[in-house]
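# Topology and contacts: notes
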Amino acid sequence: SDLWDELVNWCCCIMASTEQNGTEQTTQVSVVVPEDATPGETHKFTMEDGFEIEVTIPEDSKPGDRIEIPLPDDDDEARELFMQLHPANGNMLYFSSLGEGDNEDESKNQKEDGDEDCDGTNEMAWPAGIQLSQFITSPEAVPFIQDKVSVLDLGSGMGVSGLAIASALAELEDDTSREVVLTDLPNATSLLQSNVDFNREVIQKGEEDGDSKVALKVLPLTWGQTGEDSNSELKAKKFDLVVASDVLYNPSPDVCKALGKTMYAFLDGEGKILLSTRWRKPEEERIFYEEMERNGFEFKLINDVLSLEAKQPADEEKVVVNPCSLSWKDRSNTESEMYKKFFSDTKVEVNGESIALGDLTEAKLDSMKDAEFDQAEDFFIQIYVGQRN
C-alpha cells in the first residue's frame with residue numbers, strides 16, 4: 001500500500017501563511033507537536049483542506065511546540081516528506097512529488113507524452129529507502145562509508161536514499177572530495193533534479209559542487225545500460241559504491257537481469273553494492289540474487305558485514321537494522337525450514353492481539369494500528385551488502 005497511507009495520521013492545529021514578494025510566493029505551514037509525539041518520529045499532518053504533509057518531529061522539540069515549515073507553491077496532488085536523518089547527522093531533508101518551476105512543467109509534459117516504463121513509483125518515498133536513510137546516517141554506518149569516494153544511486157526516485165548517503169558523506173570528519181550520482185529513467189530525472197536542488201544547500205553547506213566535499217549530479221540511466229551505451233558522462237566511469245533501495249518491486253526476470261547487468265557494469269573491482277529491499281514476492285525477487293550469484297557476487301546482511309547486533313522493532317532505538325536475520329536464500333524460499341521457523345516464531349500485534357508473522361494477511365495489515373504496522377513492516381525490510389567473490 002501507499003507509504004503515505006501507512007504512516008501515522010495526526011490531526012492537529014495547522015496554519016498556513018503566504019508572503020508575497022513580487023511574483024514569487026513562499027508558503028509556510030505551522031504545525032503543533034502532538035502531546036504523545038516522540039522526537040525523531042515521522043508523522044503525517046492533515047490540513048483543513050485535506051492536504052497532507054510528512055514531518056519528522058525535531059529532536060529538540062517538545063509537545064506543544066510550533067514548527068514552522070517552508071513549502072513550495074501549493075498543489076493538491078503533491079506528496080511532501082520532511083525527513084530528519086539520524087540525530088548524529090542532524091540534517092532534515094525535504095522531498096516533493098512535484099518539481100519546481102520549469103522542472104515541474106517539464107515533468108507534467110512528460111507524463112502527458114507517456115512513458116510505459118515510468119509508472120509513478122518514482123513519486124513516492126518507499127519504506128526500504130527511508131530505513132536505509134536512517135541507517136546510513138547513523139554512527140554504525142561510518143566504517144562502511146568512510147572509504148567511499150564515488151557513489152552511484154540506481155532507481156533514485158525522489159532521491160531519498162541517494163541524498164541521505166550524500167549527507168552522510170558530507171558529515172565525515174575528513175577533507176576527501178566525493179561524488180554522488182543519482183539516476184533514474186529519463187522521464188523521472190526532472191523530479192529527481194528538483195529534489196536534489198531542494199536539498200543541495202543543506203548537504204553542501206551552501207558551497208558549489210567544485211568547493212563542496214560532496215558533488216551532486218543527476219543523470220538518466222536505464223537498467224540494462226552499461227558504460228558503453230549510457231549517458232556520455234557515465235562512459236568508462238566506475239564507482240566504489242552502487243546503491244539501490246526498493247528496486248525489486250514486482251520484478252520480472254528481465255528486469256532483475258537488467259538491474260544486475262548495470263550494477264556490475266558500473267561497479268569498481270573492489271566496490272560494493274548496498275541494497276535495501278522490502279520483500280513482497282520472494283519467489284520472484286530471488287531471481288535477482290541468483291543472477292548476481294551467477295555473475296560472481298555474494299550478498300550478506302549489513303549486520304554480518306559490520307558485526308552489528310540486529311535491532312528488534314520493539315526497541316526504542318530509531319534505527320532498526322535487519323530484525324529478520326535470514327539470508328536471502330532462506331528469506332526467499334518459503335519452503336525452507338528456517339523461513340517457516342522465523343515466520344511461525346516471530347509475533348506481531350494486530351489490534352492488541354499477538355499473531356504469528358506467517359499468519360499476517362493483507363486484511364490484517366489494513367486493520368493494524370499505525371504503531372503495530374510500523375513494527376511489522378520492519379520484519380519485511382532487509383539491508384544487504386553485495387560484492388564480488
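Residues numbered from 1 in each chain as written. Predicted model: local features only at pLDDT ≥ 70, side-chain atom pairs only at ≥ 80, totals over all residues. Heavy atoms only, no water.

Time to look at the confidence of the model for the chain. Put simply, the chain has an average pLDDT of 82, and 79% of its residues get 70 or more. Across the chain, strand S9 (residues 150-154) holds the top mean pLDDT of 98, while strand S1 (residues 9-10) sits lowest at 30. Segment residues 1-26: pLDDT under 50, and 67 contacts once partners within four positions in sequence are set aside and those in other chains are kept. In the predicted structure, residues 101-116 sits below a pLDDT of 50 and forms 16 contacts with residues beyond four places in sequence or in another chain. (pLDDT = per-residue confidence, 0-100. Helix = DSSP H or I, 4+ residues; strand = E, 2+ residues; numbered from the N terminus. Contact = heavy atoms within 4.5 Å.)

The element helix H5 (residues 160-170) is largely enclosed, with a buried count of eleven among its eleven residues. Those residues of H5 lying buried are Val160, Ser161, Gly162, Leu163, Ala164, Ile165, Ala166, Ser167, Ala168, Leu169 and Ala170. (Buried < 20%, exposed > 50% of the residue type's maximum accessible area, 1.4 Å probe, protein only.)

With the rule as written, the count across this model stands at 14 salt bridges. Among the salt bridges present, the one from Lys237 reaches Glu179, with a minimum N-O distance of 3.2 Å. Pair noted here: Lys237 is in the loop between strand S11 (214-220) and strand S12 (239-245) and Glu179 is in strand S10 (residues 178-184), with a separation of 58 residues, a long-range link. With relative accessibility at 27%, the residue Lys237 sits in the partly exposed group. With a closest N to O distance of 3.7 Å, Lys340 and Glu335 form a salt bridge. Judged by relative accessible area, Lys340 falls into the partly exposed class, the value being 38%. When salt bridges with common partners are traced through the structure, they connect Glu179, Lys217, Glu233 and Lys237 into a single cluster. (Salt bridge = Lys/Arg side-chain N within 4 Å of Asp/Glu carboxyl O.)

Take unusual backbone geometry next. Positive phi outside glycine occurs at Asp246, with the angle close to 50°. Structurally, Asp246 is set in the loop between S12 and helix H7 (253-266). Overall, the relative accessible area of 9% leaves Asp246 in the buried class.

Working note: a packed helix pair is described by the angle between its axes plus the distance between those axes. The interhelical angle for the contact between H5 and helix H6 (residues 189-204), taken along N-to-C directions, is 15°, at an axis separation of 11 Å. With respect to their mutual orientation, H5 and H6 come out roughly parallel. Relative to H6, H5 is oriented so that their crossing is right-handed. Where H5 approaches H6, its residues Leu163, Ala166, Ser167 and Ala170 are matched on the opposing element by Asn195, Val196, Asn199 and Ile203. (Axes fitted to C-alpha atoms, helices over the stretch in contact; angles between N-to-C directions. Parallel < 35°, antiparallel > 145°, perpendicular 65-115°, else oblique. Left-handed = near helix turned anticlockwise from the far one by under 90°.)

Our focus in this paragraph is the side chain of Asn303. Turning to its location among the elements, Asn303 is positioned in helix H9 (residues 302-306). Residue classification places Asn303 among the buried positions, given a relative accessible area of 6%. Within polar-contact distance, the side chain of Asn303 engages the side chain of Asn322 at 2.4 Å. Aside from chain neighbours lying at most four places away, what touches Asn303 is Leu308, Glu309, Ala310, Val321 and Asn322. (Polar contact = N/O pair within 3.5 Å; in protein donor to acceptor, adjacent residues only side chain to side chain.)

For the rest of this paragraph, the subject is the nonpolar core. Note that soluble globular proteins tend to have their nonpolar side chains buried in a common cluster. Ranked by internal contacts, the top residues of the largest apolar core, which has 41 residues, are Phe95, Leu163, Leu169, Val180, Leu216, Leu274 and Ile302. Examining the composition of this core, we find that eight residues originate from one element, H5, more than from any other. Among all residues touching Leu274, those that are not within four sequence positions of it are Leu132, Ile136, Phe144, Leu241, Val242, Val243, Ala244, Ile302, Ile383, Tyr384 and Val385. (Core = buried A, V, L, I, M, F, W, Y, C linked by side-chain atoms within 4.5 Å.)

This brings us to the packing of aromatic side chains. For any pair of aromatic rings, the description consists of the separation of the ring centres together with the inter-plane angle of the planes. The final tally for this structure, using the stated rule, is 15 aromatic pairs. When the centroid spacing of 5.1 Å and the interplanar angle of 50° are considered together, the rings of Trp126 and Tyr249 count as tilted. Taken together, the positions of Trp126 in the loop between helix H2 (102-113) and helix H3 (127-136) and Tyr249 in the loop between S12 and H7 put the pair 123 residues apart, joining distant regions of the chain. Ring centres 6.1 Å apart and planes at 65° place the aromatic pair Phe342 and Phe379 in the edge-to-face group. Here the residue Phe342 occupies a position in helix H11 (residues 337-345), and Phe379 occupies one in the loop between helix H13 (370-378) and strand S17 (381-388), the gap between them amounting to 37 residues. By the ring-pair criterion, three or more aromatic residues cluster together here, those being Trp279, Phe288, Tyr289, Phe299, Trp328 and Tyr384. Sitting over the ring of Phe144, Lys148 keeps its end group 4.6 Å from the ring centre. (Phe/Tyr/Trp six-rings, centres within 6.5 Å; stacked < 30°, edge-to-face > 60°. Lys NZ or Arg CZ within 6 Å of the ring centre and 35° of its normal.)

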